[in-house]
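# Architecture at a glance
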Amino acid sequence: MTVRVRFSPAPTGYLHVGSARSALFNWLYARHTNGTMVLRIEDTDADRSRPELISAICESLQWLGIDWDEEHHQSDRFDRYVAAANGFLESGHAYRCDCTQDAVKERAEAAGSAGYDSFCRDRNVAPGEGVVIRFRTPDEGIIGWDDLVRGRVEFDCAVLEDFIVVRSSGVPMFHVANALDDLEMNITHVVRGEDLVNTTPRVLLLRQAIIDNRPGEEHPPTPLYAHLPLIVNEKRQKLSKRRDDVSVGDYRTKGFLPEAMRNYLLTLGWGPKDDVEIAPIEKFIAEFELADINKAPAFFDIKKLEHFNAEYIRALPVESFVAAGTPFIADIDPALFATLAPFLQERVKRLEEIPSFLSWVVGDPDEPSEKDWSNVMGKPEVPAVLDLVIERLATADWTPEAIGDVVFGVGTELDTKTQLPVRLALTGSRSGIPLFEPMAEMDRGVVLDRLRAARART
RNA sequence: GCCCCGUUCGUCUAGAGGCCUAGGACGCCGGCUUCUCAUGCCGGUAGCACGGGUUCAAAUCCCGUACGGGGUACCA
């Protein structure tokens, strides 16, 4: 039996890291088993779905290197869901209900319980305005499944309310589409977030009802479920689009490499047994098993993501780094960026940091802090150092080697270290990329002006 | 309220009864390399939520407690 998994986003927002991780685990399993990855757009709710988001979601998936073998849109299969729901009505699996939402809520509160009280089960409500179709859930019994991640999960049917399968607008609810599609698309493994655990009994019931209504037909076995632990924020709550910065596109904008993102995401809720957690994706495809996924939620640690990203950036051939970094350099001369790229590659954690390392080369230096200035420039030998450097740089060859010879040569003569005062005078900071290459790229006059200005302040 | 679930260093994870005086990674701290920073290398810090069982032996199995999370829509 070939494995068929599906990733089923609703186009109600951009792809966020939680969904991306679900997609990734589906994909890893599909590739691990040589199975089929299905992308199913769950756009049954026309009011909330935004078609333009479908392409945004697909782009984010592609950016991450997650590809798919089949693509379906539930909006194309609308009639099937309606037919299935009508079948429920005919077979007695479902019934019409004309209770208003307020009435349901009031009665629930009065009874001290939550949910719908099956009020319309035997009222034979006629079709009409404000009428929904509800599923007749069993009054007793246990419904459960063996979850690949969580083990046996069971629900008492007594706590299952008669849930809505068709809205008053005539549009079936997602459970119906879900159950029908998983059945007809031959899905063998359902890998999704833990937040869907509670809807699983409904889907299982619906699937059985669909099968009941198709006597004589062959049906695939019930899929195996794997409910993934959630990805949480620092408060250990489910990542929310409103509270947290979670869109995959945002990470792309900040200069995270897709390989780093993908590699980091797969360490949340799953871990390689050999302790090698940064590696080519093929290694993880080979190792990945749904049964090895953890049960506990995982915190999305941006620091560790940055470390992964920095590792991936450093591992790039320099031409690739230049190509990846170019979209982030704003109005900096691409040739300048290319010559200084090796220095940046070693220091940058996110590609968006590139310009900040170059600001003093292409523009004004930072204003040094009082403390740095007095610590570095307050030394008694500094005026002499600066004077000599200025004098010799005025006539030196304008190459990194010659500039370096001047600066270090003065240091040797005066028996002191000379880089720091020169650096502070030029950049305004004690730290940064090596000095002489960028200096050689700058205008000699600008360099001398900055050194003279610093000398004047000593 | 009701239903479902979780708990190994601050964080992510390895661990499926003896290999665990619990391993790796991020972070943090220290050292070496270095006339800046960074990289690289070396070292350190810190954890089985708690209480009962079961067993010759428990981070691993069972029960309870505590804490935490998810769900409870005519969203998915």
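Residues numbered from 1 in each chain as written. Chains lettered and ligands numbered in written order. Predicted model: local features only at pLDDT ≥ 70, side-chain atom pairs only at ≥ 80, totals over all residues. Heavy atoms only, no water.

Locating Arg123 in the fold gives a position in the loop between α4 (101–111) and β5 (132–135). Within polar-contact distance, the side chain of Arg123 engages the side chain of Asp98 at 2.9 Å. (Helix = DSSP H or I, 4+ residues; strand = E, 2+ residues; numbered from the N terminus. Polar contact = N/O pair within 3.5 Å; in protein donor to acceptor, adjacent residues only side chain to side chain.)

A separate point is the side chain of Asp181. Along the chain, Asp181 turns up in helix α5 (residues 174–184). The buried category is assigned to Asp181, whose relative accessible area is 0%. A polar contact is formed between the side chain of Asp181 and the side chain of Gln74, at a distance of 2.8 Å. Apart from residues lying up to four places away in sequence, Asp181 is in contact with Arg40, Gln74, Arg77, Tyr81, Asn186 and Ile187. (Buried < 20%, exposed > 50% of the residue type's maximum accessible area, 1.4 Å probe, protein only. Contact = heavy atoms within 4.5 Å.)

Across the interface, α5 lies against helix α6 (residues 200–212) with an axial gap of 9 Å and an inter-helix angle of 60 degrees. Considered as vectors, α5 and α6 are oriented oblique to each other. Judged by the twist between their axes, the crossing of α5 over α6 is right-handed. Taken together, the residues of α6 that come into contact with α5 (itself represented by His175, Val176, Asn178, Ala179, Leu180, Asp182 and Leu183) are Arg202, Val203, Leu206, Arg207, Ile210 and Ile211. (Axes fitted to C-alpha atoms, helices over the stretch in contact; angles between N-to-C directions. Parallel < 35°, antiparallel > 145°, perpendicular 65-115°, else oblique. Left-handed = near helix turned anticlockwise from the far one by under 90°.)

To continue, consider the protein's contact with RNA strand B. The environment of RNA strand B is made up of 62 residues, and the closest members are Arg150, Arg167, Arg347, Gln419 and Arg430. Among the atoms of RNA strand B close to the protein, meaning within 4 Å, 70% are from sugar or phosphate groups. Glu346 places a main-chain nitrogen or oxygen 2.7 Å from a sugar or linking oxygen of RNA strand B. At 2.9 Å from a base nitrogen of RNA strand B is found a main-chain nitrogen or oxygen belonging to Phe408. Where the surface near RNA strand B is concerned, the elements lending two or more residues are β7 (151–156), β12 (298–299), α10 (302–315), α16 (400–414) and α17 (419–427). A per-element tally of the surface near RNA strand B places α10 first, with five residues. For the surface near RNA strand B, the per-class residue count stands at 20 nonpolar, 17 polar and 25 charged. (Near = heavy atom within 4 Å. Nonpolar A, V, L, I, M, F, W, Y, C, P; charged D, E, K, R; others polar.)

Now for the pairing of strand β2 (residues 36–41). Burial runs high along β2: six of the six residues are buried. The alternating pattern of β2 places Thr36, Val38 and Arg40 on one face and Met37, Leu39 and Ile41 on the opposite face, and all of these are buried. Here strand β1 (residues 4–7) pairs with β2 via four bridges, running parallel. Note that in β2 the partner of Arg4 across the bridge is Thr36. Judged from the four bridges that link them, β2 and strand β3 (residues 70–73) form a sheet pairing that is parallel. In the sheet register, Ile41 faces β3, and the bridge partner there is His73. (Pairing = 2+ DSSP bridges.)

The tally for this structure, following the rule as stated, stands at 13 aromatic pairs. Through pairs of rings, three or more aromatic residues link up here, namely Tyr251, Phe256, Tyr264, Phe300 and Phe308. The ring of Phe25 has Arg21 lying over it, and the distance from NZ or CZ to the ring centre is 5.0 Å. (Phe/Tyr/Trp six-rings, centres within 6.5 Å; stacked < 30°, edge-to-face > 60°. Lys NZ or Arg CZ within 6 Å of the ring centre and 35° of its normal.)

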